[in-house]
Amino acid sequence: MKIEGQPYRSLWWSDEKGCLEIIDQRWLPHELRIQEVRSLDDYADAIVQMRVRGAPLIGATAAYGLAIAMANDPSDASLAAAYDRLHATRPTAINLRWALDRARTALAPLDPERRAEAALALAREIAGEDVDINHAIGTHGLSLLRRLAVEAERPLNILTHCNAGWIATVDWGTATSPIYQAHDAGIDLHVWVDETRPRNQGALTAWELGSHGVPHTYITDNAGGHLMQRGLVDIIITGTDRVTRRGDVCNKIGTYLKALAAKDNGVPFWVALPSPTIDWTVSDGLREIPIEQRDPREVSHIQGAGPGGIAEIRVTPKGTPTRNDAFDVTPARLVTGFITERGLCPATEDGLAGLFPDLIARRA
Ligand SMILES: CSC[C@@H](O)[C@@H](O)C(=O)COP(=O)(O)O
């Protein structure tokens, strides 16, 4: 997508510099900073610190991380250590394990001398596939939005939570891909952007949508139900960090409450789902998906841009205990359906298996 008219991806490999370059998302939406990622430590740090974030982008970054490890030392021990190091960075988004498993399966049988080149080619392939998958999600989502727009007879109001935008992926985004494609197709729409405390990923979504000229309004996390009660939300589209084979959706904290309010108000709740985000090995999202516990400081303090740069201030009394669950699980029964790269389907095991019969063999 474009920033001030110039096309960007969230990461790209520079042959000239011999390293990966990323948009360091900690500085967005205030500053566009590009960072070179060179060592395995840099890769792990980029994911842990959320310089790169969003399930698909974490997966693609990890694939490049394994490639760097193989360039430095292609031995079996190095492959195993790099896998473990990267896998330990963040626990919830399944795309991380998906990308690492795919790379390890491809690299392990190879002669070590061939691993570096093969790992880099595979990382490029994973990044390229992500772009294609997200574009296809957008095409299928566009047909859904087109139908709703005809019924709405006014600008179509879409609500989204967190940032499942192009910077959470390599390009296009998942939840935003239908929005960008609908906007580009001339559909009159407006997006309610949830703030998404504590990391305020909504500000990233607002920055993206603003750069693309998509009409939007930034709202507090608690406003969604109120807007739904007043008929001001026609559809919700979120991304996801992991979907179980029966269709439970793990996504950024607060998603569950939006789904509950949507059910109560008859608002369709759709989830944009790339197939690498399906964890076929688990069924019950509440019991089986590990929820990342992040630094309580993200709750007790807020960050923003001030006259002297980026500033952090405390919002709680000193010493107040805080807890920071980064994700929650929305049971499949609250999800209207999935928008995938192969089309739309209900949030059920049969729905997913019908679209992805070639992938269900990954079931435990
Ligand atoms: C296309 S991204 C889908 C999800 O990864 C996104 O909604 C989300 O929860 C991101 O969480 P984050 O903690 O910012 O990595």
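Each residue is numbered by its place in its chain's sequence as written, counting from 1. Note on the predicted model: pLDDT of at least 70 is required for a residue's local features to be given, and 80 or more for side-chain atom pairs to be given and counted; whole-chain, interface and lining totals, by contrast, use all residues. With hydrogens and water stripped out, all remaining heavy atoms of the structure feed into the side-chain values.

Student: Is there a simple way to think about the sheet that holds strand S5 (residues 34-37) in this case?
Tutor: Pairing between the strands of a sheet is mediated by backbone hydrogen bonds and can be parallel or antiparallel. Whether two strands pair depends on DSSP finding at least two bridges between them. Under the DSSP-based scheme used, a helix requires at least four consecutive residues in state H or I and a strand at least two consecutive residues in state E, with every element numbered from the N terminus. With antiparallel pairing, three strands are arranged side by side in an open sheet as S3-S4-S5. Strands with a single pairing partner mark the edges of an open sheet, and in this sheet they are strand S3 (11-14) and S5. For this sheet the average axis-to-axis angle between neighbouring strands, irrespective of direction, equals 30°. Pairing of S3 with strand S4 (residues 19-23) involves four bridges; the strand directions are antiparallel. Pairing of Leu-11 across the sheet is with Ile-22, part of S4. An axis is simply a line fitted to the C-alpha atoms; with a helix, the fit covers only the stretch in contact. Between two such axes, the angle follows the N-to-C directions and lies from 0 to 180 degrees.

Student: What am I meant to see in the site of the ligand here?
Tutor: Here, proximity means that at least one heavy atom of the residue falls within 4 Å of the molecule or strand. Not every one of the 19 residues close to the ligand is listed here, only the nearest: Arg-53, Arg-90, Gln-201, Asp-241 and Lys-252. Side-chain polar atom of Arg-53 to an oxygen atom of the ligand: 2.5 Å apart, as the coordinates give it. Calculation on the ligand without its partners gives an accessible area of 410 Å², and the protein chains cover 100% of this total. When residues of the shell around the ligand are traced back to their parent elements, those giving at least two are helix H2 (55-72) and strand S11 (249-252). Polarity classes work like this: nonpolar for Ala, Val, Leu, Ile, Met, Phe, Trp, Tyr, Cys and Pro, charged for Asp, Glu, Lys and Arg, and polar for all others, with Gly in that last group. Partitioning the shell around the ligand into residue classes produces seven nonpolar, eight polar and four charged. Source of the domain bounds: an automatic or database domain assignment. In terms of domain composition, the shell around the ligand takes at least three residues from each of domain 1 (2-129) and domain 2 (137-362). We call two N or O atoms a polar contact when they sit within 3.5 Å, provided that within protein one can donate a hydrogen and the other can accept it, with sequence-adjacent residues counted only if both atoms are side-chain atoms. Shrake-Rupley sampling with a 1.4 Å probe provides the accessible areas, and residues are treated as covered by the protein chains on show and by no other component.

Student: Can you help me understand the sheet that holds strand S10 (residues 242-244) in this one?
Tutor: Ordered in space as S13-S10-S11-S16, the four strands form an open sheet in which the pairing is mixed. Each of the sheet's edge strands pairs with one partner strand only, and the pair in question is strand S13 (278-279) and strand S16 (327-330). Here S10 pairs with S13 via two bridges, running parallel. What sits directly across from Val-243, in S13, is Ile-278. In this fold helix H9 (residues 255-265) packs onto S11 and S16, with an angle of close to 30° to the strand it touches most, S16. Working rule for contacts: check all heavy atoms of both residues, and any pair within 4.5 Å makes them a contact.

Student: Sorry, what's going on with the UniProt feature "site: Transition state stabilizer" (unreviewed entry) in the protein chain here?
Tutor: UniProt positions are given in the numbering used here, feature names are shortened, and annotations may be inferred rather than shown by experiment. Residues annotated in UniProt with the feature "site: Transition state stabilizer" (unreviewed entry) correspond here to Cys-162. With residues near it in sequence (within four places) discarded, Cys-162 still touches Arg-53, Asp-194, Thr-196, Gln-201, Gly-202, Thr-205 and Lys-252.

Student: Explanation requested: the pattern of salt bridges in the structure shown.
Tutor: Opposite charge on two side chains permits them to pair, given that their charged atoms come into close proximity. What counts as a salt bridge is simple: a side-chain nitrogen of Lys or Arg found within 4 Å of a carboxyl oxygen of Asp or Glu. Within the structure shown, the criterion is met by 30 salt bridges. Note that Arg-85 is salt-bridged to Asp-41, the shortest N-O span being 2.5 Å. Here Asp-41 lies in helix H1 (residues 40-48) and Arg-85 lies in helix H3 (residues 76-87), a separation of 44 residues in the sequence. Between Arg-342 and Asp-358 there is a salt bridge, and its shortest N-O distance comes to 2.8 Å.

Student: Would you mind showing me how to read the side chain of Glu-195 here?
Tutor: Within the secondary structure, Glu-195 is located in the loop between strand S7 (189-194) and helix H7 (201-212). Burial here depends on accessible area, computed with a 1.4 Å probe over protein chains only, as a share of the maximum for the residue type. Under 20% is buried, over 50% is exposed, and the range in between is partly exposed. The charged-residue count follows a simple rule in which Lys and Arg add positive charge and Asp and Glu add negative charge, with His and chain termini not counted at all. It is Arg-197 that comes nearest to the buried, bridge-free Glu-195 among opposite-charge side chains, at 5.6 Å. Those residues within four positions of Glu-195 in sequence are excluded, and the remaining contacts are Asn-200, Gln-201, Gly-202, Ala-203, Tyr-218, Ile-219, Thr-220 and Asp-221.

Student: How should I be thinking about H7 in this particular structure?
Tutor: Every α-helix winds through 3.6 residues per turn, so residues three or four apart in the chain are directed the same way. Compared with an ideal rise of 1.5 Å per residue, which puts twelve residues at 16 Å, H7 spans 17 Å between its outermost C-alpha atoms and is within 8% of the ideal. Burial within H7 is extensive, with nine of its twelve residues counted as buried. All of the buried residues in H7 are Gln-201, Gly-202, Ala-203, Leu-204, Thr-205, Ala-206, Trp-207, Glu-208 and Leu-209. Those residues of H7 hidden inside the fold are in contact with strand S1 (2-3), strand S6 (156-160), helix H6 (176-184), S7, strand S8 (216-219) and S11. Here a helix's expected span is defined as the number of its residues, less one, multiplied by 1.5 Å.

Student: What is the right way to look at the UniProt feature "binding site: substrate" (unreviewed entry) in the protein chain in this model?
Tutor: As recorded in UniProt, the sites labelled "binding site: substrate" (unreviewed entry) are Arg-53, Gly-54, Ala-55, Arg-90, Gln-201, Asn-251 and Lys-252. Looking at where Arg-90 falls in the secondary structure, it is placed in the loop between H3 and helix H4 (94-107). When sequence neighbours within four positions are dropped, the list of residues in contact with Arg-90 reads Ile-47, Met-50, Arg-53, Ile-58, Leu-96, Lys-252, Glu-292, Arg-294 and Phe-327. One polar contact links Arg-90 to Glu-292, side chain to side chain, over a distance of 2.8 Å. For Asn-251, the position within the fold is in strand S11. According to the relative accessible area criterion, Asn-251 is buried, its value standing at 4%. Residue contacts for Asn-251: discarding those within four places in its chain leaves His-161, Thr-238, Gly-239, Thr-240, Asp-241, Phe-327 and Asp-328. A distance of 3.5 Å separates a polar atom in the side chain of Asn-251 from the backbone nitrogen of Thr-240.

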